[in-house]
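Each chain, letter by letter, is given below.
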Amino acid sequence: MGSDSKELLGIEPLELCFPFETKKQISCSMQLTNRTDGYIAFKVKTTSPKKYCVRPNSGIVPPRSTSDVIVTMQAQKEAPPGMQCKDKFLVQSAAVTEGMAVKDITGEMFKKESGNVVDEVKLKVLYVQPPRPPSPVREGSEEGSSPRPSFSDGIYRDMEATRETDETTSFSEMRAHKEPEEVTFETSALISRLTEERNSAIQQNNKLREELDMVRREISKQDGGFPFVFVVAVALLGILLGFVMKR
């Protein structure tokens, strides 16, 4: 602003911040506030007119009023080195009479040589990182609780996801361990029962063999001498013959 000029418009902000993203149009706004009792005309210029679109790029601000200006940066293919931007904007303002139309605004009105009361404000352009999207609220969270930073939210989810995964894995491992134990117990019981039945069968088999051996021995004895019945029959026959001969 020159020494022979005074501030006609209040401009906010003095730095145009664009959340830079490649291949995407990005807009930011600035407010021009007229704190005087007269009408103020303005015109916006830039060092890169092909890169930016300003709406409106000129106009008239009534007394004690505010006008909004939207600055749109065209989609860029790549980010500049170090996210540094050398582009600048210039907002020119001049006092005008009541009733002047916007179409009557000319560049000559903003030249100090014309004798008009003029003002110039330079604005810088900054590229900033785009804001992160808000983290979704987890189910079961208490209403009215203070929101946590997105970075912390990301850590708790991982831990929750990791914890759920660990619990699922542990449950699966427990089932995997439990099922073999149950199978082993049932198998052991079956083996024990079969073993007892086998031992019982062996004992019965041995008993049958002993009885068979005893029968065989009895038969062998009978084959080796006279049977007891035969001896008794011979004795009775002898007694009968003796009795007959005495008569």
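Residues numbered from 1 in each chain as written. Predicted model: local features only at pLDDT ≥ 70, side-chain atom pairs only at ≥ 80, totals over all residues. Heavy atoms only, no water.

**Regarding the sheet that holds strand β8 (residues 88-96)**
- Read from one edge of the open sheet, five strands run β2-β9-β8-β4-β6, paired in mixed fashion. Edge positions in the sheet fall to β2 (15-19) and β6 (58-61), since each has one partner strand and no second. On average, each strand axis in the sheet is tilted by 25° relative to the strand beside it, whichever way the strands run.
- Taken together, the four bridges between strand β4 (residues 39-46) and β6 define a ladder with antiparallel strand orientation. Pairing of I40 across the sheet is with V61, part of β6. (Pairing = 2+ DSSP bridges. Helix = DSSP H or I, 4+ residues; strand = E, 2+ residues; numbered from the N terminus. Axes fitted to C-alpha atoms, helices over the stretch in contact; angles between N-to-C directions.)

**Observations concerning unusual backbone geometry**
- Note the cis peptide between E12 and P13, where omega equals -5°.
- Topologically, P13 is positioned in the loop between β1 (9-12) and β2.
- Residue P56 is reached from R55 by a cis peptide bond, and omega for that bond is -10°.
- One can find P56 in the loop between β5 (52-55) and β6.

**Thoughts on the sheet that holds β5**
- Read from one edge to the other, the open sheet built from four strands follows the order β1-β3-β7-β5, with strand pairing classed as antiparallel. Strands at the two margins of the open sheet, each flanked by one partner only, are β1 and β5. Direction aside, the axes of adjacent strands within the sheet are offset by 25° on average.
- As paired elements, β5 and strand β7 (residues 66-73) share four bridges and run antiparallel to each other. Along β7, the bridge assignment pairs V54 with V71.

**Concerning the nonpolar core**
- Of all hydrophobic cores here, the largest spans 26 residues; its most connected members are F18, M30, Y52, V71 and F89.
- At the level of elements, β1, β2, β3 (26-34), β4, β5, β7, β8 and β9 (118-128) are the ones that each hand at least two residues to this core.
- Among residues more than four places away in sequence, those in contact with Y52 are F18, T46, V71, T72, M73, C85, D87, F89, V125 and Y127. (Core = buried A, V, L, I, M, F, W, Y, C linked by side-chain atoms within 4.5 Å. Buried < 20%, exposed > 50% of the residue type's maximum accessible area, 1.4 Å probe, protein only. Contact = heavy atoms within 4.5 Å.)

**Some remarks on the side chain of Q92**
- You can see Q92 is positioned in strand β8.
- At a separation of 3.1 Å, a polar atom in the side chain of Q92 contacts the side chain of E120.
- Not counting residues up to four positions away in its chain, the partners in contact with Q92 are A41, F42, K43, K45, F110, D119 and E120. (Polar contact = N/O pair within 3.5 Å; in protein donor to acceptor, adjacent residues only side chain to side chain.)

**What about the pattern of salt bridges?**
- This structure, assessed with the given rule, holds five salt bridges.
- For K24, the salt bridge goes to E21, with nearest N and O atoms at 3.5 Å.
- By relative accessible area, which is 30% here, E21 ends up partly exposed.
- In this structure, E108 and K111 form a salt bridge, with 3.2 Å as the shortest nitrogen-oxygen distance.
- Its relative accessible area of 40% is what places K111 among the partly exposed residues. (Salt bridge = Lys/Arg side-chain N within 4 Å of Asp/Glu carboxyl O.)

**Topic: the side chain of D119**
- Its location among the elements puts D119 in strand β9.
- Of the side chains bearing the opposite charge, K112 lies closest to the buried D119, which forms no salt bridge; the N-O distance is 7.2 Å.
- Reaching out from D119, the side chain makes a polar contact with the backbone nitrogen of L8 at a distance of 3.4 Å. (Lys, Arg positive; Asp, Glu negative; His and termini not counted.)

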